[in-house]
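Breakdown of the fold
This is what each chain is made of:
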Amino acid sequence: MKMRVPLVVMTVLGLVSPAGAGNWYVATNGVGAPGTNWSTAFQAPQAGFNAARTGDTVHVAGHTFNLTQQIEWTNRLQNITVRGGYAATNDLPLPGPRNPSRWPTVFRIVTTNQWVMLIDRVTTGTLDSVTITGARYGLAAARQGGGVFISSCAGLTMISCAVTDNWIESSTWGVGSYGGGIFTDNTTLILTNCVVAYNRTRLSGYNWAYGAGIYGQGAGWIQLTGCELTGNWLTSGNAAPGSALNATCPVQMRNCLVRGNTADGGGGYGAVYLGAGG
């Protein structure tokens, strides 16, 4: 009689998922742990980031998450994908129906003087179909970033995201701000089909402001493809260049729409301003 057991064992082993390719779930109506399906989903996005390891995907329900603390995505998490827009209605099959237009995922900060997201030293991370909104800063010192602060990242990609309605405001003399919507430093950032809209940097007195929508500096570059930069508003008593985009790093824009951005005050000019190196 021929032995067939080894063949069966090999077939079963072939169905096992590769190690490190985990899936985590975040929803406002989950029970909070262990986050392995929609029923047991983490309620806070930060818990999903904390659970993820290299190569994992964090699936986020099409819910509005009102945050009291900024989300921190740090160098511990490499090659992570965070994907929003799920119906999150049942556990079979997972992850289930996804339509970001019908089920938008919104990260909204409800505490003042915090970013919505801090992304630091991440490699090949992807943020897909998430809205970042609600940042409100009252400055007592120079400020970098309103909605998203990104530092020392390599190959960070944002796909079909919206960064909207983030504000930096101050009447304190001698302060400045950079990037009301997105601030990047020493980062390679790829934006595809994203909307950066209605972000505001408003400073009075002898102050300076740069890039109400996006500001980029340092080593690295920014690439925008199929993006819309609209309705961003930059006001300063001193300098206010680049209401939509201001950068000293290289920038590449393809098939983008830039409209309705405003720069006013002392020295206010231009929707897109590229300084030395930009």
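Residues numbered from 1 in each chain as written. Predicted model: local features only at pLDDT ≥ 70, side-chain atom pairs only at ≥ 80, totals over all residues. Heavy atoms only, no water.

1. Notes on the sheet that holds strand β11 (residues 143–144)
Going by this rule: Strands qualify as paired when DSSP identifies two bridges or more between them. To qualify as a helix, a DSSP run of H or I must reach at least 4 residues; to qualify as a strand, a run of E must reach at least 2; elements of each kind are numbered from the N terminus.
If you trace the 3 strands from one edge of the open sheet to the other, you get β11-β16-β20, paired in parallel fashion. Sheet topology places β11 and β20 (208–210) at the edges, where each strand pairs with a single neighbour. Relative to β20, strand β16 (residues 176–178) runs parallel, the two sharing 3 bridges. Across the sheet, the residue bridging to G176 is W208, located in β20.

2. Some words on the environment of N113
Selection rule: Exposure classes here rest on a 1.4 Å probe applied to the protein chains alone. A residue is buried below 20% of its type maximum, exposed above 50%, and partly exposed in between. Note on definitions: a residue-residue contact is assigned when non-hydrogen atoms from the two residues lie within 4.5 Å.
Inspection of the secondary structure assignment puts N113 in the loop between β6 (106–109) and β7 (117–120). Classification of N113 by relative accessible area gives partly exposed; the value is 41%. Here the alpha-carbon distance between N113 and Y137, two residues 24 residues apart in the chain, equals 4.6 Å. Apart from the residues lying within four places of it in its own chain, the contact partners of N113 are R136, Y137 and G138.

3. Observations regarding the confidence of the model for the chain
We apply this condition: Per residue, pLDDT measures the predictor's confidence, with a range of 0 to 100.
Here the chain averages 87 in pLDDT, and 85% of its residues register 70 or above. Per-residue pLDDT stays below 50 along residues 1–19; that stretch engages in 0 contacts with residues further than four places along the chain or on separate chains.

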